[in-house]
Amino acid sequence: MTVTDHTAPPASDDLARFDAALRRADLVAAQLRATAAERDRANKPPLAEIELLREADLLQVGEPVEYGGSGLDYSQSQQLTRHVARGDTSIAHLLGYHYAQQRIPHLFGTADQADELSRRNAQFKPFWGGVQNPRGASGLTLTRDGSGFRLDGRRTFASGAGVADQLSVTAELDGDLVFLSIPARREGFTPLNDWDNIGQRLTDSGGVVFDGVRIERSEILGEDPLTGRVPSAYQTLVTPHWQLAFVNFYIGTAEGALEEALDWTRLHASPWETSGLESATDDPYILELVGALRSEVTAAALLADHAGEALQSALDIGPDLTPDQRAEAAIAIAEAKYVTTKVSLDVASRLFEIQGARATTTSYGFDRHWRNLRTHTVHDPVAYKAREVGDWTLNRRAPQFTLYS
């Protein structure tokens, strides 16, 4: 048997691959931004957008170079999410979730399961959707059925599941939470195509139904016995994975919305009639607001970077991660989640004060930034993130592991 050489390449090669991936993400963002308002109104399944991500080699960046990936770590991958969000929040949402789903086998699967899926990701570039939101659902239950299992139940929200190639699924088996990785479009799986919310309209986040879906043992992540074990601190990093994705597409949206507003203002804004100015870009009130919002966005982005570094440091420790080390990473992300939520919503709301009333014209679609952010930022109440930070700071009580914290 040939043993693959996993020797780390020179740091300069790592940086070059990351820089190249960032450039590809920026090109994708520019393409998406040019048609974002039109596609938001059309509200069609994001099949072409996913193909764009695939063609730009953004779907397999986290896989090893020797398998065909870019060898990026998780923090770097989610920075690509931020860059794509500057052009389209919905597609960045899908990409950020995709990266998070791809890492789950490395947390809960056996070494063979993780390696097989990693090779498959690099070779075929599948898009991963997630069926994991535990709220508003009757739940998904696995039942033993001969040599395999049967999956039944319903979920109200499932991002990208209807257009995915691979599904990452949480379900209940004998009263315990288990993680599955299965091909999409399997018999008995039905996307309901009922996502019609005010924002994140291109995330294909509607409900799904599983009716007697056949599941093989190899598709349930982990070693036998499958149940009866308490997740390790390292495994519970699964939730910070998702939360870091949120942090990055929130702040990326704010960055893109502000830049879009500034471009429009330079081209179209008129000075106020009593300002005595020839150009709106010289208005001191506009300059003050731009400076304030830019400062907030920069500070939030730096906090997002810190959160990514904290999670990556915890991931690098691996299975020896302690509960306190897990808590430190989770708190860093909670801090960033709280701040990026507040800042991004503020930016998306106040950009019209920079542009003026004409910018509210429907054809421009500038309202999509706020609608997208408002829709997703209520995914889990940000007040609970502030509470977790406060409890850790004051009482050294770590956030309880759930699929939200």
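What you are looking at is a predicted structure, and each value in this text was computed from that prediction instead of being measured.

Participant: A description of the overall build of the protein should follow, citing residues and the corresponding values.
Facilitator: Broken down by element type, the protein carries 10 helices and seven strands. Carbon and sulfur atoms make up 52% of the accessible area of the protein, which totals about 18200 Å².

Participant: Pulling in residues and values, what's your account of the UniProt feature "domain: Acyl-CoA dehydrogenase C-terminal" (unreviewed entry) in the protein?
Facilitator: In this structure's numbering, the residues bearing the UniProt feature "domain: Acyl-CoA dehydrogenase C-terminal" (unreviewed entry) are residues 246–379. Taken end to end, residues 246–379 is 75% helix and 0% strand, and its two terminal C-alpha atoms sit 10 Å from one another.

Participant: Lay out the nonpolar core with the relevant residues and their values.
Facilitator: One finds Leu142, Leu151, Leu167, Leu180 and Phe210 to be the most contacted residues of the largest nonpolar core, which totals 104 residues. Contacts of Leu167, omitting those with residues within four sequence positions, involve Gly129, Val131, Ala161, Leu180, Ser181, Ile182, Ala184, Phe189 and Phe210. Counting five residues, the second-largest nonpolar core is a separate cluster that includes Ala327, Ile331, Val389 and Trp392.

Participant: Describe the pairing of strand 5 (residues 176–183), listing the residues and the values that go with them.
Facilitator: Pairing between strand 4 (residues 166–173) and strand 5: eight bridges, direction antiparallel. Of the residues in strand 5, the one forming a bridge with Ser168 is Ser181. The antiparallel hairpin formed by strand 4 and strand 5 contains two residues in its connecting segment, where Asp174 sits at a positive phi of about 50°.

Participant: Please give an account of helix 9 (residues 367–377) that cites residues and values.
Facilitator: Since the α-helix turns once every 3.6 residues, residues separated by three or four places project in the same direction. In terms of residue burial, helix 9 counts as a mostly covered element, since eight of its 11 residues are buried. Where helix 9 is buried, its residues contact helix 1 (11–42), helix 4 (89–108), helix 6 (238–268) and helix 8 (323–355).

Participant: Break down the environment of Gly390 for me, with residues and values.
Facilitator: With respect to the helices and strands, the residue Gly390 is situated in helix 10 (residues 382–395). Overall, the relative accessible area of 32% leaves Gly390 in the partly exposed class. Residues Gly390 and Glu335 lie 55 residues apart in sequence; the distance between their C-alpha atoms is 9.9 Å.

Participant: Pulling in residues and values, what's your account of unusual backbone geometry?
Facilitator: Phi is mostly negative for residues that are not glycine, and the peptide bonds are mostly trans. Residue Pro225 is bonded to the preceding Asp224 through a cis peptide linkage, with omega at -5°. Its place among the elements puts Pro225 in the loop between strand 7 (208–215) and helix 6. Positive phi, close to 60°, is recorded for Arg185, a residue that is not glycine. Of note, Arg185 is situated in the loop between strand 5 and strand 6 (189–191).

Participant: Can you break down the packing of aromatic side chains residue by residue, with the values?
Facilitator: For the structure shown, the criterion picks out nine aromatic pairs. Between Phe189 and Phe210, the aromatic rings sit 4.9 Å apart at their centres with planes inclined by 40°, giving tilted as the arrangement. Remark: Phe210 occurs in strand 7 and Phe189 occurs in strand 6; sequence separation between them is 21 residues. With respect to burial, Phe189 and Phe210 carry one shared label: buried. Ring geometry for Trp264 and Phe366: centres 6.4 Å apart, planes at 85°, overall edge-to-face. In this pair, Trp264 is assigned in helix 6 and Phe366 in the loop between helix 8 and helix 9, connecting sequence segments 102 residues apart. Owing to a relative accessible area of 5%, Phe366 belongs among the buried residues under this scheme.

Participant: Let's hear about the pairing of strand 1 (residues 128–131): which residues, and what values?
Facilitator: Burial along strand 1 is two-sided: the face carrying Trp128 and Gly130 and the face carrying Gly129 and Val131 are both buried. Taken together, the four bridges between strand 1 and strand 4 define a ladder with parallel strand orientation. Among the inter-strand pairings, Val131 is bridged to a residue of strand 4, identified as Val169.

Participant: Tell me about the environment of Val61, and please be specific about residues and values.
Facilitator: Structurally, the position occupied by Val61 is in the loop between helix 2 (47–55) and helix 3 (74–85). The exposure class of Val61 is buried, given its relative accessible area of 0%.

Participant: Tell me about helix 6, residues and numbers included.
Facilitator: Here helix 6 is 31 residues long and its end C-alpha atoms lie 45 Å apart, about the 45 Å a rise of 1.5 Å per residue gives. The buried fraction of helix 6 is high, at 26 of 31 residues.

Participant: Could you give me a rundown of the packing of helix 4 against helix 5 (residues 111–124), with the residues and numbers involved?
Facilitator: One can describe the packing of helix 4 onto helix 5 by two numbers: an axis separation of 8 Å at closest approach and a directional angle of 155°. Overall, the two elements helix 4 and helix 5 adopt an arrangement that is roughly antiparallel. For helix 4 against helix 5, the interelement crossing comes out left-handed. Between helix 4, through Gln102, Pro105 and His106, and helix 5, the contact on the second element is made entirely by Ala114, Leu117, Ser118 and Asn121. Of the residues assigned to the contact of helix 4 with helix 5, the class counts are three nonpolar, four polar and no charged.

Participant: Outline the pattern of salt bridges, listing residues and values.
Facilitator: Within the structure shown, the criterion is met by 29 salt bridges. Ionic pairing is found between Arg103 and Glu63, a salt bridge with its closest N-O pair at 3.0 Å. Within this pair, whereas Arg103 is found in helix 4, its partner Glu63 is found in the loop between helix 2 and helix 3, the two being separated by 40 residues in sequence. Accessibility assignment for this pair places Arg103 and Glu63 in one class, buried. Measuring nitrogen to oxygen at the nearest pair gives 3.1 Å for the salt bridge that ties Glu216 to Arg214. Taking relative accessible area as the criterion, Arg214 reaches 32% and is therefore assigned partly exposed. Each of Arg33, Glu259, Asp263 and Arg266 takes part in salt bridges that share partners, so that together they form one network.

Scoring rules and cut-offs
- Residues numbered from 1 in each chain as written.
- Predicted model: local features only at pLDDT ≥ 70, side-chain atom pairs only at ≥ 80, totals over all residues.
- Heavy atoms only, no water.
- Helix = DSSP H or I, 4+ residues; strand = E, 2+ residues; numbered from the N terminus.
- Areas by Shrake-Rupley, 256 points an atom, 1.4 Å probe, with all protein chains shown as cover.
- UniProt positions renumbered as here; feature names shortened; annotations may be inferred.
- Core = buried A, V, L, I, M, F, W, Y, C linked by side-chain atoms within 4.5 Å.
- Buried < 20%, exposed > 50% of the residue type's maximum accessible area, 1.4 Å probe, protein only.
- Contact = heavy atoms within 4.5 Å.
- Pairing = 2+ DSSP bridges.
- Phe/Tyr/Trp six-rings, centres within 6.5 Å; stacked < 30°, edge-to-face > 60°.
- Expected span 1.5 Å × (residues − 1).
- Axes fitted to C-alpha atoms, helices over the stretch in contact; angles between N-to-C directions.
- Parallel < 35°, antiparallel > 145°, perpendicular 65-115°, else oblique.
- Left-handed = near helix turned anticlockwise from the far one by under 90°.
- Nonpolar A, V, L, I, M, F, W, Y, C, P; charged D, E, K, R; others polar.
- Salt bridge = Lys/Arg side-chain N within 4 Å of Asp/Glu carboxyl O.

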